[in-house]
Amino acid sequence: MDVRMIEEAVLTFYQSGTHKQEDTHQWLQQIQESPHAWSFCWELMQLNKPSEIQFFGAITLHSKLTKFWGEVPKEAHNEFKQKLLESIVMFGNGPKIVLSQLCISLSVFIVHMLEHPTVIEEVTGMFLNEQLGTLSKNTQLEILMSVLEGIPDEAESVHTQIPRSMVREELNKKAEFATGTVINYLSGKLNDGRFDESEMNVLINATKCLATWLKYGNVRLDECETMVQVLLKIIHYCYWKEPKDDGCLSQEDSDLAETAVKVLVKIMSSQNCNGHKYSATVVRYMHLFLDVLGPILDVEWKENNDNENLAFVIYTLFLSTLECYSSAIFAGILSDNEQLAKVYGRTVDLLVKCTDKPGTYPVDESCSTLAMEFWYMLQDEIFSMPNDERKTKCWDAIKPVYAHIVKVLIRKSQLPNDSVLHKWNSDDLETFRCYRQDIGDTLLSCHDVLNDIMLDVLSEALDESILYLNYDPQNTDSWPLLEATIHAYCSIAQKIEYAEYPQVVKLLKVLNEIPYEKYSDKLLGMALETAGAYSDWISDNPKYLPSAIELLVKGLSSTQASQATLGLKDLTSECQKEMTPFALPLLDACRSTLQGGHLKNSEMIRLMYTVGNIMSVISYDQIIQYLDIMVSPCFEELQANVQNQEKSDAAKGRVILRLEMISKLFSSLNTRKLNVAQRTEKEDDELQLVPTQSNQSQPVQPILLILEKTMGLLKNLCTLWIHDESVIETLCKALQQALTNLMDDIKPLLNDMCGLILMIFANKCAPSAVEMAGNFILIFYNDPESQESMKQLFSAILEYNFGQMQQYDEHQKLSDVADLIETFYMFNTRIVKKMAICYSAVQADCIKLIEYAMKSMILPETGPIKKSVGFLSVFIKESRNYPLMMNAVAAQGENLLRNTFLCLGGYTPRAHVDVFADIFLALNYKYPSDFARWIKVLEKPNFPTFFVSATDKEQFIKKVIKEKVNRRLVQEHVRKFAAMCRNTVEWEIDFRTS
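In this text, all values refer to a predicted model and were calculated from it rather than measured experimentally.

### Some details on the overall build of the chain
Of the regular secondary structure elements, the chain holds 46 helices and zero strands. Out of the 994 residues in the chain, the part that is buried amounts to 53%. Taking contacts inside the chain between residues at least 6 apart in sequence as the whole, the part at least 24 apart equals 75%. A total accessible area of about 44,500 Å² is found for the chain, and carbon and sulfur atoms account for 49% of it. In the chain, 95 positive and 131 negative side-chain charges are present, and the distance between their average locations comes to 5 Å.

### Section: the packing of aromatic side chains
Inspection of every chain in the model, using the stated rule, returns 39 aromatic pairs. Ring centres 5.6 Å apart and planes at 25° place the aromatic pair W537 and Y544 in the stacked group. Y544 matches W537 in its accessibility class, with the two residues each being buried. Following the ring pairs from residue to residue traces out a cluster consisting of F794, F802, F824, Y825, F827, Y839, Y852, F871 and F875. If you follow K353 out to its NZ or CZ, it ends over the ring of W301, 5.0 Å from the centre. One cation-aromatic arrangement involves K569 over Y609; the distance from NZ or CZ to the ring centre is 5.1 Å.

### Quick word on the packing of helix α18 (residues 426-450) against helix α20 (residues 480-491)
Contact geometry for α18 and α20: axes closest at 9 Å, N-to-C directions at 55°. As judged from the angle between their axes, α18 and α20 are oblique. As for how α18 packs across α20, the hand of that crossing is right-handed. In contact with R436, G440, L443 and L444 of α18, α20 contributes E483, A484, H487, A488 and S491. Its residues assigned to classes, the contact of α18 with α20 comprises four nonpolar, three polar and two charged.

### A word on the packing of helix α17 (residues 389-412) against helix α19 (residues 452-471)
In contact at an axis separation of 10 Å, α17 and α19 are set at 40° when each is read in the N-to-C sense. Our pair here, α17 against α19, has a crossing hand that is right-handed. In this structure, α17 uses K399, A403, V406, K407 and I410 to contact α19, whose residues at the interface are I453, M454, V457, L458, E460, A461 and E464.

### Looking at helix α7 (residues 119-128)
Where α7 is concerned, the buried positions are V119, I120, V123, T124, M126 and F127. Summarising the axial view, the buried residues of α7 lie within an arc of 155°, below the 170-degree limit, and thus occupy one face. The secondary structure elements touched by the buried residues of α7 are α5 (77-90), α6 (96-112), α8 (137-157), α9 (164-192) and α10 (200-213). Just past α7, the residue E130 takes up positive phi, approximately 55°.

### Focus: the pattern of salt bridges
For the structure shown, the criterion picks out 44 salt bridges. Notably, a salt bridge pairs D222 with R220, separated by 2.7 Å at the nearest N-O pair. A residue is classified by how much of its surface remains accessible, and D222, at 28% relative accessible area, is partly exposed. According to the relative accessible area criterion, R220 is partly exposed, its value standing at 38%.

### Things to note about the environment of D196
As for its position among the elements, D196 is in the loop between α9 and α10. According to the relative accessible area criterion, D196 is partly exposed, its value standing at 38%.

### Re helix α37 (residues 818-835)
For α37, which comprises 18 residues, the first-to-last C-alpha distance of 25 Å matches the rise-based estimate of 26 Å (1.5 Å per residue) to within 8%. Along α37, the residues classified as buried are A818, L820, I821, T823, F824, Y825, F827, N828, T829, I831, V832 and M835. Looking at the packing, one finds that the buried side of α37 touches α35 (767-780), α36 (787-810), α38 (837-841), α39 (846-857), α40 (862-879) and α41 (883-907).

### Digging into the environment of L556
Looking at the element boundaries, L556 is found in helix α24 (residues 545-556). L556 sits 393 residues away from S949 along the chain, and the two C-alpha atoms are 71 Å apart. When near neighbours in sequence (up to four residues on either side) are disregarded, L556 contacts A561, A564, T565, L568, A589, T593, H598, L599 and L607.

### Examining the nonpolar core
One recurring pattern in soluble globular proteins: nonpolar side chains tend to sit buried together. In terms of nonpolar packing, the biggest core is built from 342 residues, with I267, F289, F776 and F901 touching the most fellow members. Setting aside anything within four residues of it in sequence, one finds F289 in contact with V228, L232, L264, M268, G294, L317, F318 and T321. Core analysis: the second largest hydrophobic core is formed by eleven residues, A9, V10, I53 and F56 among them.

### Comments concerning the environment of I59
As for its position among the elements, I59 is in helix α4 (residues 51-67). Given a relative accessible area of 23%, I59 falls into the partly exposed group. Setting aside its immediate chain neighbours within four residues, I59 contacts Q32 and Q101.

### Quick notes on the confidence of the model for the chain
Mean pLDDT over the chain: 90, with 95% of residues reaching 70 or higher. Highest mean pLDDT in the chain belongs to α20 (97); lowest belongs to helix α46 (residues 987-993) (33). In the model, residues 674-696 has pLDDT below 50 throughout and makes 28 contacts with residues more than four positions away in sequence or in other chains. Of the regions scoring below 50 in pLDDT, residues 985-994 engages in 13 contacts with residues more than four places distant in sequence or in other chains.

### Section: the side chain of S856
Following the sequence through the fold, S856 ends up in helix α39. S856 sits in the buried class, given a relative accessible area of 0%. Residues in contact with S856, not counting those within four places in the same chain, are I821, Y825, P864, I865 and S868.

### Notes on the side chain of S786
Note on placement: S786 falls in the loop between α35 and α36. A distance of 2.7 Å separates the side chain of S786 from the side chain of D783, its partner in a polar contact. Among all residues touching S786, those that are not within four sequence positions of it are K747, L750 and F780.

### Focus: the state of the cysteines
Inspection of every chain in the model, using the stated rule, returns zero disulfides. Free cysteine: C248, not disulfide-bonded; nearest cysteine sulfur from C238 at 13 Å. Relative accessible area serves as the criterion here: at 28%, C248 is assigned to the partly exposed category.

### Quick word on unusual backbone geometry
A cis amide bond links G94 with the next residue in sequence, P95, at an omega value of -5°. Looking at where P95 falls in the secondary structure, it is placed in the loop between α5 and α6. At the junction of Y361 and P362, the peptide bond is cis and its omega measures out at 0° in the coordinates. One can find P362 in the loop between α15 (338-355) and α16 (372-383). Unlike most non-glycine residues, Q843 shows phi in positive territory, near 50°. Relative to the helices and strands, Q843 is located in the loop between α38 and α39.

### Looking at a negative patch on the surface
Together, D196, E197, E242 and E252 give the surface a local cluster of negative charge. With respect to the helices, strands and loops of the structure, E197 is situated in the loop between α9 and α10. In this structure E197 comes out as exposed when scored by relative accessible area, which is 76%.

What counts, and where the lines are drawn
Numbering of residues begins from 1 in every chain and follows the order in which that chain's sequence is written. Since the coordinates come from a predicted model, pLDDT governs what is reported: local features require at least 70, and pairs of side-chain atoms require 80 or more to be given and counted, while whole-chain, interface and lining totals use all residues. Hydrogens and waters are ignored; side-chain quantities use all the structure's heavy atoms. Only DSSP runs of H or I with at least four residues qualify as helices, and only runs of E with at least two residues qualify as strands; both kinds are numbered from the N terminus onward. The rule is simple: take the accessible area with a 1.4 Å probe, protein chains only, and divide by the maximum for that residue type; under 20% is buried, over 50% is exposed, in between is partly exposed. In this analysis, two residues are considered to be in contact whenever any of their non-hydrogen atoms come within 4.5 Å of each other. Only the protein chains shown count as cover for residues, and all accessible areas are computed by the Shrake-Rupley method using a 1.4 Å probe. A positive count includes Lys and Arg, and a negative count includes Asp and Glu. His and the chain ends are not counted in either. For this purpose, a charge sits on NZ of Lys, CZ of Arg, CG of Asp or CD of Glu. Any Phe, Tyr or Trp ring, taking Trp's six-membered ring, that has another such ring centre within 6.5 Å forms a pair; planes under 30 degrees apart are called stacked, those over 60 apart edge-to-face, and the others tilted. We call a charge positioned over a ring when the NZ of a Lys or the CZ of an Arg lies within 6 Å of the ring centre and within 35 degrees of the ring normal. Geometry is summarised by axes, namely lines fitted to C-alpha atoms with helices restricted to the contacting stretch, and by angles between N-to-C directions that run from 0 to 180 degrees. Convention used here: angles under 35 degrees read as roughly parallel, angles over 145 as roughly antiparallel, angles from 65 to 115 as roughly perpendicular, and any remaining angle as oblique. A crossing counts as left-handed when the near helix is turned anticlockwise from the far one by less than a right angle, and as right-handed when that turn is clockwise. Ten residues, namely Ala, Val, Leu, Ile, Met, Phe, Trp, Tyr, Cys and Pro, are considered nonpolar, four, namely Asp, Glu, Lys and Arg, are considered charged, and the remaining ones, Gly among them, are considered polar. Along the arc lie the directions from the helix axis toward the C-beta atoms. A pairing counts as a salt bridge when a side-chain nitrogen of Lys or Arg comes within 4 Å of a carboxyl oxygen of Asp or Glu. Helix span, expected: 1.5 Å multiplied by one less than the number of residues in the helix. Buried Ala, Val, Leu, Ile, Met, Phe, Trp, Tyr and Cys residues form a nonpolar core when they are joined through side-chain atoms within 4.5 Å. A residue's pLDDT is the predictor's confidence in that residue, given on a scale from 0 to 100. Pairs of N or O atoms are called polar contacts if they sit within 3.5 Å, as long as, within protein, a hydrogen donor faces a hydrogen acceptor (for residues adjacent in sequence, only side-chain-to-side-chain pairs). We call a pair of cysteine sulfur atoms a disulfide whenever their separation is within 2.5 Å. Patch members must show over 30% relative accessible area and no salt bridge, and they are joined within 9 Å when carrying like charges or within 5 Å when they are nonpolar side chains of Val, Leu, Ile, Met, Phe, Trp or Tyr.

This is the structure:
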């Protein structure tokens, strides 16, 4: 092979554009796998070549060693080793990227040679005794540490002729030697009393090497004490070795100290499943950590810290230790053991300081977010205790700590004010948003510990924040502390019960007294969110409703209108019964806001939900009046669109906006809402399947009145936008909301609505239209006057979907209508469960229904697989009651099982094979004798794959036939059988035996 051509290709790869890089990369990968690579890789690694070419030679050598070692004859192994060592010597002084690859290659070579018992000792001795020619002692040691570090990692990925079990056994034997060599080297350097700068890379590599070997050797935690002490001495030396004018460690010292801490993290997490065995050891180690690392954290407890990464990994060490051995440390809460009690106390103090790290996260510090997890751990530890006197004492012991943490979290959650906001980028703001959400969650956890004391703490914090705000009335940047305190109240709103807590009363009073115009709009935004969050509490204490309404209405005309509309939505939903005295002024405020033109689309849509809630509690005449004032503009704009036949993007946006506003109104406006709410509770959000007799003395529902007046407009709108999926979907959702709200009250418009649905089906099947059609059928099929219409609607849906699936199936493109198939079989599942008689009533082609379900099973998309299998299992269970359905199952039973086995054999992704258990269960339960006959289709040789034996098939058949109701067990049988068919290991088995 022409080496010059390879060199040109390598240079082209590094210097050309993306498209050419892809082609070159493919070609280079191919030549890397050729047998010639064993020879040309050495030619590329010559000192007179560019570093890119040298590097390609080195990675080619590593690739060949990893995957194709079998191509090298045994008699050439020594020659190969010599050549590799010579290359390492040649590149010992750089380039670094080439030397690193050669070191990894030597690691791979050693893995291949593990059948020679002393290979690691021989290579180690060669480097320790400085037998590599002209290379300096430090360079040889650095290479040795890189090679030793690489052995465990490369052993996991290398393709070797040595059995995996033997590789692991040999590495377990050599772990003590490898770690001992490293510890002896590190101890020697510590005894010298000084690390030279030239030795830092060696020390860092040596420390990393310890981490990689921890997975081998089966070393107990209590046998790691020497290693732990050496690592702590390294950290101590790096940090305290000399005064630092600016407080910042050198890059080398920082890297070495951080690496040592990370190794300690790995040591402490290596035995977490056996934590109960090492309680005394963990406490001893924790004491060492606190003594050695605690003082470092004390010095680094400041903002804008140059050694922040070191502080971060040290805190991580403490938290990972607690995560693995929490019981051992938390036993110190009430312990008589003085050392244990001190370790617990010092640990809590350290993590309080971590939570309270000076500065603002994430721009000034990065550690405080770590400690959030600790406050959950401590609480959970006590929650899990038996309910006795000790548990009560533990709660009492930690309450003062949690009360302090609440105030800390309030301080830490302060938003940046305008004077510093320019220093923040978008990533910082998003990170802080997530951090603040974590603080909110942690405050909820604190409430579980403190209960009513939490409100006392927040009330005190509220007083302090108001005092701070009023200290300098002219300072417009003093709002963040008050905003953070209100945020804390908001975070725990869901925990506050119905009692008239004076602390909550004070909060609501404060929210109405703040002069928001003086401060950032963010303060008003949080006040509005909090008012909405306490809607449930206000519903139990309605005398505070006026103040909440006043605040939220004020917010509608502000830049925080989004929070105001959210708050009003919550308030009018939770306090709807109490809203009547305030309904008309609130409707006027909403009307004025909607007409103001400053709301975003999402805010206008949301506000219409509030309008519907309020209208539901006023008189019928007033409803009609306000509908004319507030809703007519929506329909007038839609009418103008139809008249002008305008289909621009701008017109489409306005049409969708108006339809979504109408949809929200339809979802909330109901003059019989209390009855609906009671009915919904009983049915758990299921539609009523049998129509009720409407109360004729009551006036027509307002939504029905709107639809009667506008149905012609909606039909024309549908005709205009019939080919635009997003407009049709939005229209269908609006009508679906009307149906869900009105239920059988919609009957006067039934024919019009069905006609609209059929018009949509004639052009394109929108999922929302199918869902709406299903609801109509379920509600009105049993109504004698409507039954014929429902049959026609049902037949039309079947006909349309069969036609679409046939059209795409003929071109083998069923995946192109995967969403339609998913929607169709969801629809059929509902009908089979609730109104299976429909299939017999219209003489549906049930065989075709099953056939397309079987074809859907073998599609790659998840939706069609799950929905078609779900339909089949329900259809089989219901079929015994209807001859038409039963005949279809009898005709297709064997085919169904044949297709099911093909899916298990490989057609269906392994992650989804569980669902097919439902088919086995349904057939076995409803058609046991037929099932025993049909399942013999599995006995066909090499079916579904040649990997599964006749014995395996026989055992599977016996197990499945035996289980008629235990779904979990059949799923397990199916998973294992699918794994056998694919010649893979079933993951659950792997997990249990690992």
